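The residues making up each chain are set out below.
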Amino acid sequence: MDLGVASVAAITMIAYLIGEACKAAEKVPDKWIPVICGTVGAVFGVIGLKTMPDFPAGDFVNAIAVGIVSGFAATGINQVVKQLSKDE
C-alpha cells in the first residue's frame, strides 16, 4: 500500500491537533505552539521512517526535515483558517 504523501498529511493533522490542544489548554504561550508543532512533526517523521516502508524519506535527516515541515504546515493551516474567518 502506497501511503507516502498521505503519511505527510497525517503528520500535519496530528501536529495541528496537538497545537490546537495546547492553545485550548491555555497553559502554553502562543509563541511556543509553532515550536511544539515542528517538534511533534520531527518525532512523527522519524516514527514514519521506521514504521512505513513507503515513507517519503530514506534517512533520519530527511525524515526529521519532512516532519518539521509538516509540523510547520499545521501552523500555516491554523493561520489560513484564522484569517478566512476574521471579520473585516
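What you see is a predicted model; the values in this text were computed from it and never measured.

Tell me what's going on with the side chain of Thr-12, and back it up with residues and numbers.
Relative to the elements of secondary structure, Thr-12 occurs in helix α1 (residues 4-25). Residues in contact with Thr-12, not counting those within four places in the same chain, are Ser-70, Ala-73, Ala-74 and Ile-77.

Which residues make up the nonpolar core, and what values go with them?
Core analysis: the biggest nonpolar cluster contains seven residues, these being Ala-15, Tyr-16, Cys-22, Ile-33, Cys-37, Val-40 and Ala-74. For this core, the secondary-structure elements that each account for two or more residues are α1 and α2 (33-51). Beyond its immediate chain neighbours, meaning those up to four positions away, Ile-33 contacts Gly-19, Cys-22, Lys-23 and Val-28. Counting six residues, the second largest nonpolar core, distinct from the first, contains Leu-49, Phe-55, Ala-57 and Val-66.

Give a detailed account of the pattern of salt bridges, specifying residues and quantitative values.
Pairs may arise between side chains of opposite charge once their charged atoms sit close together. Enumeration according to the criterion identifies one salt bridge in this entry. The shortest N-O distance in the salt bridge between Asp-30 and Lys-23 comes to 3.2 Å. Since its relative accessible area comes to 34%, Lys-23 is described here as partly exposed.

How would you explain the packing of α2 against helix α3 (residues 60-84) if you had to name every residue and give the values?
Their axes nearest at 6 Å, the elements α2 and α3 cross at an angle of 140 degrees. One element, α2, and the other, α3, form an angle in the oblique class. Where α2 crosses over α3, the two elements pack in a sense that is right-handed. Residues Pro-34, Cys-37, Gly-38, Gly-41, Ala-42, Gly-45, Val-46, Leu-49 and Lys-50 of α2 lie in contact with α3, whose contacting residues are Phe-60, Ala-63, Ile-64, Gly-67, Ile-68, Gly-71, Phe-72 and Thr-75. Across the contact of α2 with α3, the residue classes break down as ten nonpolar, six polar and one charged.

Before we move on, could you go through α3 and cite the residues and values that matter?
Compared with an ideal rise of 1.5 Å per residue, which puts 25 residues at 36 Å, α3 spans 36 Å between its outermost C-alpha atoms and is within 8% of the ideal. Those residues of α3 lying buried are Ala-63, Val-66, Gly-67, Ser-70, Gly-71, Ala-74, Thr-75 and Asn-78. With a side-chain oxygen lying 3.2 Å from the backbone nitrogen of Val-61, the N-terminal cap of α3 falls on Asp-59.

Please provide a residue-by-residue account of unusual backbone geometry, values included.
A positive phi angle, near 55 degrees, is found at Glu-26, a position not held by glycine. Counting through the fold element by element, Glu-26 comes out in the loop between α1 and α2. Classification of Glu-26 by relative accessible area gives exposed; the value is 70%.

What counts as what
- Here the residue numbers are simple positions, counted from 1 along each chain's written sequence.
- Owing to the predicted nature of the model, reporting of local features is limited to residues with pLDDT of at least 70; listing and counting of side-chain atom pairs is limited to 80 or more, with chain, interface and lining totals taken over all residues.
- Side-chain metrics rest on all non-hydrogen atoms present in the structure, leaving aside hydrogens and water.
- Secondary structure counts use DSSP, requiring at least four H or I residues in a row for a helix and at least two E residues in a row for a strand, with both numbered from the N terminus.
- Any pair of residues with heavy atoms lying within 4.5 Å of one another is described as a contacting pair.
- Nonpolar cores were defined as sets of buried Ala, Val, Leu, Ile, Met, Phe, Trp, Tyr and Cys residues, with membership established by side-chain atoms within 4.5 Å.
- Three exposure classes are used, based on accessible area relative to the maximum for each residue type with a 1.4 Å probe and protein chains only: buried under 20%, partly exposed in between, and exposed over 50%.
- In what follows, salt bridge is the name for a side-chain nitrogen of Lys or Arg lying within 4 Å of a carboxyl oxygen of Asp or Glu.
- Interaxial angles span 0 to 180 degrees and are taken between N-to-C directions of axes, which are lines fitted to C-alpha atoms, for helices over the stretch in contact.
- Relative orientations are named as follows: roughly parallel for angles under 35 degrees, roughly antiparallel for angles over 145 degrees, roughly perpendicular for angles from 65 to 115 degrees, and oblique for any other angle.
- For any helix crossing, the convention is left-handed if the near helix is rotated counterclockwise from the far helix by under a right angle, and right-handed if that rotation is clockwise.
- When residues are grouped by polarity, Ala, Val, Leu, Ile, Met, Phe, Trp, Tyr, Cys and Pro land in nonpolar, Asp, Glu, Lys and Arg in charged, and all others, Gly among them, in polar.
- By definition here, a helix of n residues has an expected span of 1.5 Å times n minus one.
- Here a polar contact is recorded for every N or O atom pair within 3.5 Å, except that within protein the pair must consist of a potential hydrogen donor and a potential acceptor, and residues adjacent in sequence are included only if both atoms are side-chain atoms.

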